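Here are the chains, one letter per residue:
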There are 2 protein chains.
Amino acid sequence: MKKLINAPERVLDDALAGIAAAHPDLSVDVEGRVITRAGGAGQGKVALVSGGGSGHEPLHGGFVGTGMLDAACPGEVFTSPVPDQMLTAAKAVDSGAGVLFVVKNYTGDRLNFRMAAELAEDEGITVESVTVDDDVAVQDSTGTAGRRGTGATVFVEKIAGALAEQGGDLPSVAAMANRVNAATRSFAVALSACTTPEAGRPGFELGADEIEIGVGIHGEPGRRRETIRSARDTVAVCLDAILADQPLAAGEETIVMVNGLGATPLLELYVVFNEVVAALAAQNVTIARNLVGNYVTSLDMAGVSITVCRADAEMLALWDAPVNTPALRWGS
Amino acid sequence: MKKLINAPERVLDDALAGIAAAHPDLSVDVEGRVITRAGGAGQGKVALVSGGGSGHEPLHGGFVGTGMLDAACPGEVFTSPVPDQMLTAAKAVDSGAGVLFVVKNYTGDRLNFRMAAELAEDEGITVESVTVDDDVAVQDSTGTAGRRGTGATVFVEKIAGALAEQGGDLPSVAAMANRVNAATRSFAVALSACTTPEAGRPGFELGADEIEIGVGIHGEPGRRRETIRSARDTVAVCLDAILADQPLAAGEETIVMVNGLGATPLLELYVVFNEVVAALAAQNVTIARNLVGNYVTSLDMAGVSITVCRADAEMLALWDAPVNTPALRWGS
């Protein structure tokens with residue numbers, strides 16, 4: 001294993017210390033493993049808290065800031081955070097308006113966020129939770145009942161985060177988060193497996209010309225393996241799966257993310273995006289907004305995920321609202 | 001070779017079409033291979049034009065926008081753009097105040113930018129050029145007389161770009177660009193080689209535990225190969241080389257970039273940054289500003305480069321000035 005680390009068991013502590021040093025707008029509790037906004041919680045604002053296993057950076061810590069998350073709870077690599085982290089985060093950011101937990105649909109995350117919600121409620125904090133489950137590749141996966149949660153997390157955090165920033169109350173913010181999740185589908189392909197620091201070897205083996213169709217962000221198996229084809233054909237496979245699950249009508253507007261899994265050159269992500277544009281244009285579907293880059297990674301996995309959100313006018317307006325986080329920043 | 005492309009000879013056209021579709025703030029001439037700001041050139045403003053081989057994204061196209069570049073000229077992968085591209089760009093963005101060419105120190109780039117400067121002068125455009133040569137790993141390299149130009153390019157484009165945006169004239173902007181380059185040093189290590197679409201196989205071979213110390217951004221050889229060590233030791237090797245070339249006194253302020261070469265997880269880049277912080281703090285050197293992420297990549301190479309700029313107050317103020325590009329965005 002070749003990694004730029006000091007020791008597998010120190011990766012998260014060292015990285016969190018680095019995040020703290022790099023981003024003065026963040027407040028990082030390295031020991032407690034909670035990242036919040038340095039300015040503290042907005043008074044009277046619904047707080048958004050997310051978290052999950054590390055290794056998917058910039059998710060979630062990179063999305064803490066004005067217009068998006070109030071706190072992120074990083075677990076060990078590919079391991080759920082523990083309830084104490086989410087409880088600490090909820091207590092730190094609740095200003096009386098309640099807390100929305102944004103939870104990717106993995107069994108460990110769901111259990112731990114649920115326990116944290118109960119503990120927080122015991123302390124008088126109102127908590128709602130949204131479960132993100134956008135990955136249409138497989139119905140159940142390793143460690144998951146139902147669909148896996150992947151790229152839609154970014155859309156949920158951005159759009160519901162904007163509504164919270166604008167003063168939306170907890171039921172409204174939770175409803176918007178659920179609406180965004182329900183409107184969003186993702187599908188990923190892997191060109192290589194990723195290697196966790198603890199395991200020290202790739203999570204699975206792919207042949208020299210093989211790709212995994214429908215891979216999960218921890219390297220969970222997809223639908224099948226295939227010989228690699230053109231970017232155009234690969235995009236068609238992804239979009240066929242997405243649109244089979246959620247058809248789009250001519251004239252509909254979307255937000256699309258072409259997301260690198262960690263080791264894919266940006267040049268290739270733009271090639272992929274160009275194919276997505278062409279494929280959706282052929283169906284008269286508009287890409288109103290987009291993200292092309294590394295947003296929900298899988299350590300050093302080569303590959304790409306495509307996420308399509310059927311966006312209404314309200315979602316688009318919230319998407320455009322100002323955001324100021326390490327990984328997503330626009331507006332004033 | 002596993003890549004998300006349609007064909008090696010179509011990579012650049014397809015990627016440029018994707019960039020055009022993804023970024024409405026950019027105007028992309030796919031055929032002519034010139035990226036400019038969609039809003040056109042600022043009247044009376046000195047224009048900054050850069051370019052170089054593709055494969056280092058987001059450099060340079062991702063840095064076109066307010067406060068940074070006016071135009072970027074992408075060559076084929078790892079191949080210099082041709083003079084016609086820079087001439088077209090210069091004509092498109094010159095508003096009478098002149099053009100600064102930002103050129104990384106590779107023989108092909110230097111020759112082609114020099115020819116473009118002569119052609120532009122023939123057409124009545126005043127051109128100054130700055131050569132970026134910050135990589136202290138080797139004195140001469142493959143295809144390079146003198147040092148290679150790498151991470152400092154981002155600092156030159158940001159800081160000189162801010163001065164141009166504020167109305168600095170061509171001699172001032174060129175002088176600032178040269179000052180930033182002179183104040184900046186970089187050093188990189190590779191954990192793996194990259195594979196160009198044309199070659200289809202890694203540019204060099206590394207053993208299972210080997211890293212290349214002082215690698216170039218096209219995979220040029222460095223100083224030596226070593227067995228991989230801890231992030232702390234690796235950072236020490238990089239900083240020793242940088243500080244041997246440009247010592248820093250206690251109390252000095254720096255801008256530091258920890259840059260992923262394409263396939264390195266962000267988690268590891270933060271681990272590396274944490275070690276840079278500790279090492280410089282031990283010398284009472286302050287990191288006043290930082291970038292941690294993928295800014296000057298080498299396709300799918302795993303590894304990291306560290307860039308240190310000894311920054312004075314004027315540079316820091318220009319660094320903080322607003323910037324609005326696909327890859328760097330802050331301020332109002």
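Residues numbered from 1 in each chain as written. Chains lettered and ligands numbered in written order. Predicted model: local features only at pLDDT ≥ 70, side-chain atom pairs only at ≥ 80, totals over all residues. Heavy atoms only, no water.

A word on the relation of the copies chain A and chain B
Line of reasoning, step 1. When chain A is fitted onto chain B, the two copies agree to an RMSD of 0.0 Å after a turn of 180° and an axial shift of 0.0 Å. What we have between these two chains is a two-fold relation. Taking the C-alpha atom as reference, chain A places Ala263(A) closest to the rotation axis, 1.8 Å from it.
Line of reasoning, step 2. When the interface residues of chain A are mapped onto chain B, 100% of them again lie at the interface, so the same face is used by both copies. (Least-squares fit on C-alpha atoms with pLDDT ≥ 70 in both. Contact = heavy atoms within 4.5 Å.)

Structural notes on the domain arrangement of chain A
Residues and elements named next belong to chain A.
Line of reasoning, step 1. Once the domains are mapped, chain A shows domain 1 (8–183) and domain 2 (184–322).
Line of reasoning, step 2. Facing 41 residues of domain 1, the contacting portion of domain 2 comprises 42 residues.
Line of reasoning, step 3. Three residues, Phe-78, Phe-155 and Ala-183, lead the burial of domain 1 against domain 2; their summed loss comes to 20% of the area buried on that side.
Line of reasoning, step 4. Applying the counting criterion to the domain 1 and domain 2 interface returns three salt bridges.
Line of reasoning, step 5. In this structure, Arg-179 and Glu-314 form a salt bridge, with 3.1 Å as the shortest nitrogen-oxygen distance.
Line of reasoning, step 6. When contributions to the side of domain 1 that touches domain 2 are tallied by element, the ones reaching two or more residues are α4 (152–165) and α5 (170–182).
Line of reasoning, step 7. The greatest single-element share of the side of domain 1 that touches domain 2, amounting to seven residues, is contributed by α4.
Line of reasoning, step 8. Class assignment of the residues belonging to the side of domain 1 that touches domain 2 gives a composition of 21 nonpolar, 11 polar and nine charged. (Domains from an automatic or database assignment. Buried area = accessible area lost by both parts, 1.4 Å probe. Salt bridge = Lys/Arg side-chain N within 4 Å of Asp/Glu carboxyl O. Helix = DSSP H or I, 4+ residues; strand = E, 2+ residues; numbered from the N terminus. Nonpolar A, V, L, I, M, F, W, Y, C, P; charged D, E, K, R; others polar.)

Focus on the sheet that holds strand β5 (residues 99–104) of chain A
Paired through backbone hydrogen bonds, the strands of a sheet run either parallel or antiparallel to each other.
All names here are of chain A.
Line of reasoning, step 1. Here we have six strands laid out as an open sheet, ordered β1-β2-β4-β3-β5-β6, and mixed in their pairing. Each of the sheet's edge strands pairs with one partner strand only, and the pair in question is β1 (26–29) and β6 (127–132). Here the strands of the sheet are splayed against their neighbours by 20° on average, with no regard to which way each runs.
Line of reasoning, step 2. Sheet topology places strand β3 (residues 47–54) next to β5; four bridges connect them, and they run parallel. Bridge assignment links Ser-50 to a residue of β5, and that residue is Val-102.
Line of reasoning, step 3. Against the sheet, α5 makes contact with β3, β5 and β6, and its axis sits at roughly 5° relative to β6, the strand it touches most. (Pairing = 2+ DSSP bridges. Axes fitted to C-alpha atoms, helices over the stretch in contact; angles between N-to-C directions.)

Section: the pattern of salt bridges
Line of reasoning, step 1. Under the defined criterion, the tally for this structure stands at 40 salt bridges over all chains.
Line of reasoning, step 2. For Arg10(A), the salt bridge is made with Asp14(A), and the minimal N-O distance between the two is 3.2 Å.
Line of reasoning, step 3. A residue is classified by how much of its surface remains accessible, and Arg10(A), at 34% relative accessible area, is partly exposed.
Line of reasoning, step 4. In this structure, Asp135(B) and Arg148(B) form a salt bridge, with 3.1 Å as the shortest nitrogen-oxygen distance. Separated by 13 residues along the polypeptide, Asp135(B) in the loop between β6 (127–132) and α4 (152–165) and Arg148(B) in the loop between β6 and α4 bring together distant segments of the chain.
Line of reasoning, step 5. Since its relative accessible area comes to 2%, Asp135(B) is described here as buried.
Line of reasoning, step 6. Judged by relative accessible area, Arg148(B) falls into the buried class, the value being 1%.
Line of reasoning, step 7. Within this structure, Arg37(A), Lys45(A), Asp70(A) and Glu165(A) form a network of salt bridges that share partners. (Buried < 20%, exposed > 50% of the residue type's maximum accessible area, 1.4 Å probe, protein only.)

Digging into the packing of aromatic side chains
Line of reasoning, step 1. Enumeration according to the criterion identifies six aromatic pairs over all chains in this entry.
Line of reasoning, step 2. Consider the rings of Phe155(A) and Trp319(A), whose centres lie 5.3 Å apart with planes at 80°: the pair is edge-to-face. Residue Phe155(A) is found in helix α4, and its partner Trp319(A) is found in helix α8 (residues 313–320); the two are separated by 164 residues along the sequence.
Line of reasoning, step 3. Their ring planes at 65° and their centres at 5.2 Å tell us that Phe101(B) and Phe113(B) sit as a pair that is edge-to-face. Of this pair, Phe101(B) sits in strand β5 (residues 99–104) while Phe113(B) sits in helix α3 (residues 107–122), and the two are 12 residues apart along the sequence.
Line of reasoning, step 4. A network of ring pairs unites the aromatic residues Phe155(A), Trp319(A) and Trp330(A) as a single cluster. (Phe/Tyr/Trp six-rings, centres within 6.5 Å; stacked < 30°, edge-to-face > 60°.)

Some details on the packing of α4(A) against α5(A)
What describes two packed helices is the angle between their axes and the distance between those same axes.
Residues and elements named next belong to chain A.
Line of reasoning, step 1. For the pair α4 and α5, the least separation of the axes is 9 Å and the interaxial angle reads 150°. Between α4 and α5, the crossing angle belongs to the class labelled roughly antiparallel. When the axes of α4 and α5 are compared, the crossing they make is right-handed. Across from Ala-152, Phe-155, Val-156, Ile-159, Ala-160, Leu-163 and Ala-164 in α4, the residues of α5 making contact are Ser-172, Val-173, Met-176, Ala-177, Val-180 and Asn-181.
Line of reasoning, step 2. Its residues assigned to classes, the contact of α4 with α5 comprises 11 nonpolar, two polar and no charged. (Parallel < 35°, antiparallel > 145°, perpendicular 65-115°, else oblique. Left-handed = near helix turned anticlockwise from the far one by under 90°.)

Examining the pairing of strand β2 (residues 34–37) of chain A
All names here are of chain A.
Line of reasoning, step 1. Bridge analysis of β1 against β2 gives four bridges, and the strand direction is antiparallel. The residue bridging Val-28 from the neighbouring strand is Ile-35, located in β2.
Line of reasoning, step 2. Hairpin connection between β1 and β2: a loop of four residues separates the two successive antiparallel strands, and Arg-33 in this loop has a positive phi of roughly 60°.
Line of reasoning, step 3. Sheet analysis places β2 next to strand β4 (residues 71–77), joined by two bridges and oriented antiparallel. Following the sheet pairing, Thr-36 is matched in β4 by Ala-71.

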